[in-house]
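What follows is each chain in one-letter form.
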There are 2 protein chains.
Amino acid sequence: MRLGPPSGFRDFAPADMILRKKVISIIEDSFIRYGYDPIETPVLEYWETFKGKYGEETENKLMYKFKDPWSDKWFALRFDLTVPMARFFASKAFPIPFKRYHIGRVWRHERPQRGRYREFWQADADIIGSEYPEADAELLDLTIHTMLKLGFNKFTVKLNDRRLLKGIFEEELGLRDVLATYRAIDKLDKIGYDGVKEELRKVGLSENTINRIIEIISTEFSSTSSLDHLIEQFSGNENVEAGIKHLTEIIDLLGNKKRYVSISLNLVRGLDYYTGPVWEVILADVPLGSVAGGGRYDDLIGIYAGKKYPATGTSFGVERIIDAGKEIGIFNADKVTYTQIYITTISREAFRYAWNLVKILRNSGFSAQIDLMRRTERKQREYANKKNIPIVIYIGPKELAENKLTIYNRRTNERWQIDKNEVIEFLRRLL
Amino acid sequence: MRLGPPSGFRDFAPADMILRKKVISIIEDSFIRYGYDPIETPVLEYWETFKGKYGEETENKLMYKFKDPWSDKWFALRFDLTVPMARFFASKAFPIPFKRYHIGRVWRHERPQRGRYREFWQADADIIGSEYPEADAELLDLTIHTMLKLGFNKFTVKLNDRRLLKGIFEEELGLRDVLATYRAIDKLDKIGYDGVKEELRKVGLSENTINRIIEIISTEFSSTSSLDHLIEQFSGNENVEAGIKHLTEIIDLLGNKKRYVSISLNLVRGLDYYTGPVWEVILADVPLGSVAGGGRYDDLIGIYAGKKYPATGTSFGVERIIDAGKEIGIFNADKVTYTQIYITTISREAFRYAWNLVKILRNSGFSAQIDLMRRTERKQREYANKKNIPIVIYIGPKELAENKLTIYNRRTNERWQIDKNEVIEFLRRLL
């Protein structure tokens, strides 16, 4: 009998979940503060909803497609939360700007490795309806705010604009199939400059062109200074100028937070649907790839809506954030229960007394447990210890006779005997 | 271009989600108070993990099975949260009792209709490791507590015990294939007594036997009185006696809450894995089927663990609860945003002033929005109205000149002009 989940899929024990829920609630709290509201879509869509949105390689090698067992339709598990949102948005008359968040799973047939799973959670915030840098700036502000709230402080937001790359490559290099070039550059983190060169050779570019591409993408600018430098070098190119103007306005709006941003011409992001600014958050101390990323996709929603809706969005990789946070020591998964109080009993009579008490505790909002296995008092205490439940209430013969409770704080090793009718007030002070 | 999700699947707009999250958080709060901790498992499992656990009809007609596109393995989307938990529990050494909750989606190829979807959410709480009525009683207490917290007060918990049915049918009727009989009885709500008769004929039972079955299952008892009556009628049958003893202890432990319980011999629950008490929550005023249900499955975990672990669990159908709550008027989906404050501006200069203000509001914990579309002040106000955002802050020339803010409470129609540096304190009092 198989005991494991499918390869690349994972189970989450209470300790993992308690940490995940904490991380997700910090992200969700940010989304709500910034004025985003929740939506949800199915885990699977008709395959034709996805087809042609991500690029051939992704669609053929990374997506879970299968035939509906009951119809002649093909389904696919969602690869991201953006395309299903675009499809949903187009089906409804939401007021714009439509600012939505969506925290949910996606599926990608990646080779399982550190920081990469086949089933993982994304937390996305998107703005539909605004073509302006204000929208991108708000999302970058939100992204940086969230990283700081999560407890990260050493990270860089790599920022680029697809129009910048497109303009430079068109003007300088006269490339036709820029998407193939982007996909090659996108693998830089994984395969290094030599690997990118190899990929570009497969695209059919000359050595000369390849060397110019490598030269361009190996430049990184600190955010404030060097957009001027680009303007001088490529003035007159419409795409470059539009990209620079957009990025300049974004950086201006970021205020203090611009110190986290670095303009990086090697950042492309793999998906075909991006059209303007793109960004990724890279941690300084953990070589895990990006933990968040996003960008503008002004043409995607029009495919469904039949009318152009400019759009931009940011996305957090929940697993990567957790793995990285554990590694640098800002998170740990050592809390195994939400339970605050365990009541131990020494007899069936004490159990009846405790059974009523536990109801009172729960009705007062405490998380409380009681023995359900008719165990000895010692075994009950062992269970409370294993679970690291902070408060143990003991009900023995003396407590029963005098209508008292003995309360023990496992963490401080303090002990009190109190009247039963004082218990709620006492525990409220204690917890 | 398709705009809909697959047939039987649904999208959730912000208004739906805000209601769902409220309902789920009430359920989750109950689970935590009663001492249950969260787990999560993948949405899909190897098919062989599920095979033989639910019964042939379910496995052939209701489960989404498909071949992994990359391996020779068959996968299936999970049909419930119980079997994946059993598989997971067996793979780890959790301390017992293992009290876990799991709130997540399941997939069933049902015919889409009112209250029935192909993708829906279950919220489950289970106890692994206790064979005692205390465990079932705690889950029933939790179930009733949660229904009341959700705002329902007219409901019945139908309670039965598989051993009771088995004993009666064995002793009285000498049936062999009790599972086939249960499956027929389980359809009572959908197909009525005549339909059940028809199904039982297909099982191959005589008219005489069928009539006895109908007679037995049409009896309902109020919880307190009539177990005695059953004991007299079927004394000596081991199954009947075990079932009655277990039910009697459960009802005794329920105390006041037993007024919601009714012993119903026609309640069987469709799944093969139940072995002892089974229950379902039926609303008095909404003919939607059960909104929650559960039972004991002492043999399921042993299949994976190789060792018997008695277990029992309760499960809420989130969609049914929401649909029913909307119908009887205790829920509505009229809140379309979490946003508390919208800042309107009349110029680019006012926008820069507001852009700093909105950061301050967000840092202070408020949910706030600002114009991202360079709209007129009138259009901005229209947006705030459409979203029903309670507070609007206006920044015009006078406000800019005097470092003031005009604050408008859309709900009470009140208006104040305040100093900018008083805003946080002012809004804290207001919201």
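Residues numbered from 1 in each chain as written. Chains lettered and ligands numbered in written order. Predicted model: local features only at pLDDT ≥ 70, side-chain atom pairs only at ≥ 80, totals over all residues.

## Some details on the overall build of chain A
Reasoning step 1: Within chain A, the regular secondary structure consists of 17 helices and 17 strands.
Reasoning step 2: Taking the principal axes of the C-alpha coordinates as reference, chain A spans close to 90 × 55 × 45 Å.
Reasoning step 3: For chain A, the residues scored as buried account for 47% of the 431 residues in total.
Reasoning step 4: The contacts in chain A between residues at least 6 apart in sequence include a share of 68% that link residues at least 24 apart. (Helix = DSSP H or I, 4+ residues; strand = E, 2+ residues; numbered from the N terminus. Buried ≥ 20, exposed ≤ 12 C-beta atoms within 10 Å, placed from the backbone. Contact = placed C-beta atoms within 7 Å.)

## A look at the interface of chain B and chain A
Note: interface size is frequently given as the accessible area lost on complex formation between the parts.
Reasoning step 1: At the junction of the two partners, chain B supplies 75 residues and chain A supplies 75 residues.
Reasoning step 2: Among the elements that make up the side of chain B that touches chain A, the one with the highest residue count is helix α1 (residues 14-33) of chain B (6 residues).
Reasoning step 3: When the residues that make up the side of chain B that touches chain A are grouped by side-chain class, the tally is 40 nonpolar, 13 polar and 22 charged. (Nonpolar A, V, L, I, M, F, W, Y, C, P; charged D, E, K, R; others polar.)

## A few points about the sheet that holds strand β3 (residues 65-67) of chain B
All names here are of chain B.
Reasoning step 1: The sheet built from 3 strands is open, its strands ordered β2-β4-β3 with antiparallel pairing. Where the open sheet ends on each side, the last strands, each with one partner, are β2 (44-46) and β3. Going from strand to strand, the sheet's axes swing by 35° on average, the running direction of each strand aside. (Pairing = 2+ DSSP bridges. Axes fitted to C-alpha atoms, helices over the stretch in contact; angles between N-to-C directions.)

## Re the nonpolar core
Reasoning step 1: Counting residues in each nonpolar core, the largest one holds 235 residues, and the members touching the most others are Ile-341 and Ile-343 of chain A together with Ile-343 of chain B.
Reasoning step 2: If we ignore the near neighbours within four places in the chain, the residues touching Ile-343 of chain B are Ala-354, Leu-357, Val-358, Ala-368, Ile-370, Ile-393 and Ile-395 of chain B. (Core = buried A, V, L, I, M, F, W, Y, C linked by C-beta atoms within 7 Å.)

## Digging into the domain arrangement of chain A
Reasoning step 1: When the domains of chain A are assigned, the result is domain 1 (14-327) and domain 2 (341-430).
Reasoning step 2: Here the C-alpha centre of domain 2 of chain A lies 51 Å away from the C-alpha centre of domain 1 of chain A. (Domains from an automatic or database assignment.)

## Concerning the relation of the copies chain B and chain A
Reasoning step 1: Rotating chain B by 180° and moving it 0.0 Å along the rotation axis overlays it on chain A with an RMSD of 0.1 Å. The relationship between the two copies is best expressed as a two-fold rotation axis. Among all residues of chain B, the minimum C-alpha distance to the rotation axis is found for Phe-66 of chain B, at 3.2 Å.
Reasoning step 2: When you check the interface residues of chain B against chain A, 100% turn up at the interface there too, and the contact is symmetric in its surfaces. (Least-squares fit on C-alpha atoms with pLDDT ≥ 70 in both.)

## Focus on the sheet that holds strand β16 (residues 404-409) of chain B
Residue and element names in this part refer to chain B.
Reasoning step 1: Strands sit in the order β14-β13-β15-β16-β17 across an open sheet of 5 strands; the sheet is mixed. Across the chains shown, the open sheet's two edge strands, defined by having one partner strand only, are β14 (368-370) and β17 (414-419). With direction set aside, neighbouring strand axes in the sheet form an average angle of 25°.
Reasoning step 2: Looking at chain direction, strand β13 (residues 341-345) and β14 are connected through 3 bridges and run parallel. The residue of β14 that forms the bridge with Ile-341 is Ala-368.

## Digging into helix α14 (residues 348-363) of chain B
Reasoning step 1: Counted at 1.5 Å a residue, the expected span for α14 of chain B with its 16 residues is 22 Å, and the 23 Å between its end C-alpha atoms agrees.
Reasoning step 2: If you follow the buried residues of α14 of chain B, they end up packed against α1 (14-33) of chain A together with β13, β14, β15 (391-395) and α16 (397-402) of chain B.
Reasoning step 3: Gly-365 of chain B lies just past α14 of chain B and shows a positive phi near 100°. (Expected span 1.5 Å × (residues − 1).)

## Observations regarding the pairing of strand β4 (residues 74-77) of chain B
Residue and element names in this part refer to chain B.
Reasoning step 1: Taken together, the 3 bridges between β2 and β4 define a ladder with antiparallel strand orientation. Directly across from Tyr-46, in β4, lies its bridge partner Phe-75.
Reasoning step 2: As paired elements, β3 and β4 share 3 bridges and run antiparallel to each other. Bridge assignment links Phe-66 to a residue of β4, and that residue is Phe-75.
Reasoning step 3: A loop of 6 residues connects β3 with β4, the two strands running antiparallel in sequence.

## Concerning unusual backbone geometry
Residue and element names in this part refer to chain A.
Reasoning step 1: Omega for the peptide link from Ile-96 to Pro-97 comes to 0°, which places this bond in the cis form.
Reasoning step 2: You can see Pro-97 is positioned in the loop between α4 (82-91) and β5 (98-107).
Reasoning step 3: At Asn-388, a residue that is not glycine, the phi angle is positive and equals roughly 55°.
Reasoning step 4: Examined against the element boundaries, Asn-388 turns out to sit in the loop between α15 (377-386) and β15 (391-395).
Reasoning step 5: The backbone phi angle of Asn-413 is positive, close to 65°, even though this residue is not glycine.
Reasoning step 6: With respect to the helices and strands, the residue Asn-413 is situated in the loop between β16 (404-409) and β17 (414-419).

## What about the confidence of the model for chain A?
Reasoning step 1: In the predicted model, chain A carries a mean pLDDT of 92, and 98% of its residues have values of at least 70.
Reasoning step 2: ipTM for the predicted complex: 0.94, alongside a pTM of 0.94. (pLDDT = per-residue confidence, 0-100.)

## Some words on the packing of helix α5 (residues 133-150) of chain A against helix α11 (residues 238-254) of chain A
Residues and elements named next belong to chain A.
Reasoning step 1: Two elements in contact, α5 and α11, have axes whose closest approach is 9 Å; the angle formed by their N-to-C orientations is 50°. When the interaxial angle is binned, α5 and α11 end up oblique. For α5 against α11, the interelement crossing comes out right-handed. Residues Pro-133, Glu-134, Asp-136, Ala-137, Leu-140 and Asp-141 of α5 form the contact with α11, whose participating residues are His-246, Glu-249, Ile-250, Leu-253 and Leu-254.
Reasoning step 2: A class-by-class count of the residues in the contact of α5 with α11 yields 6 nonpolar, 1 polar and 4 charged. (Parallel < 35°, antiparallel > 145°, perpendicular 65-115°, else oblique. Left-handed = near helix turned anticlockwise from the far one by under 90°.)

## Observations regarding the packing of helix α7 (residues 178-186) of chain A against helix α8 (residues 188-203) of chain A
All names here are of chain A.
Reasoning step 1: Look at α7 against α8: their axes get within 7 Å of each other, and the N-to-C directions meet at 150°. Relative to α8, the element α7 is oriented roughly antiparallel. Where α7 abuts α8, its residues Ala-180, Thr-181, Ala-184, Ile-185 and Asp-186 lie against Leu-188, Val-196, Glu-199, Leu-200 and Val-203.
Reasoning step 2: When grouped by side-chain class, the residues that make up the contact of α7 with α8 number 7 nonpolar, 1 polar and 2 charged.

## Considerations on helix α4 (residues 82-91) of chain B
Reasoning step 1: By the criterion of burial, α4 of chain B is predominantly enclosed, with 9 of the 10 residues buried.
Reasoning step 2: Turning to α4 of chain B, its buried residues number three or more, namely Thr-82, Val-83, Pro-84, Met-85, Ala-86, Arg-87, Phe-88, Phe-89 and Ala-90 of chain B.

## A few points about the pairing of strand β11 (residues 290-296) of chain A
All names here are of chain A.
Reasoning step 1: Where burial is concerned, most of β11 is hidden: 7 out of the 7 residues are buried.
Reasoning step 2: With 5 bridges connecting them, strand β10 (residues 277-283) and β11 associate as antiparallel partners. Counterpart to Ile-282 in the pairing with β11 is Ser-290.
Reasoning step 3: The hairpin formed by β10 and β11 contains 6 residues between the paired strands, and Gly-289 there has a positive phi angle of roughly 80°.
Reasoning step 4: Where β11 lies against strand β12 (residues 311-317), 5 bridges are found, and the strand directions are antiparallel. Within the sheet, the bridge partner assigned to Gly-294 lies in β12 and is Thr-314.

## Re the environment of Leu-253 of chain A
Reasoning step 1: Summarising the element assignment, Leu-253 of chain A is placed in helix α11.
Reasoning step 2: Owing to 20 C-beta atoms within 10 Å, Leu-253 of chain A belongs among the buried residues under this scheme.
Reasoning step 3: Apart from residues no more than four positions distant in its own chain, Leu-253 of chain A is found in contact with Pro-133, Glu-134 and Ala-137 of chain A together with Trp-355 of chain B.

## A look at the environment of Asn-403 of chain A
Residues and elements named next belong to chain A.
Reasoning step 1: As for its position among the elements, Asn-403 is in the loop between α16 (397-402) and β16.
Reasoning step 2: Taking the C-alpha atoms as reference points, Asn-403 and Lys-149, 254 residues apart in sequence, are found 47 Å from one another.
Reasoning step 3: Discounting chain neighbours no more than four positions away, the residues touching Asn-403 are Asp-419 and Lys-420.

## Here we look at the environment of Ala-368 of chain A
Reasoning step 1: Position of Ala-368 of chain A among the secondary structure elements: in strand β14 (residues 368-370).
Reasoning step 2: Expressed as a C-alpha distance, the spacing of Ala-368 of chain A and Thr-339 of chain A, which sit 29 residues apart in the sequence, is 5.7 Å.
Reasoning step 3: What Ala-368 of chain A contacts, discounting residues up to four positions off in sequence, is Thr-339, Gln-340, Ile-341, Ile-343, Val-358, Leu-361 and Arg-362 of chain A together with Gly-35 of chain B.

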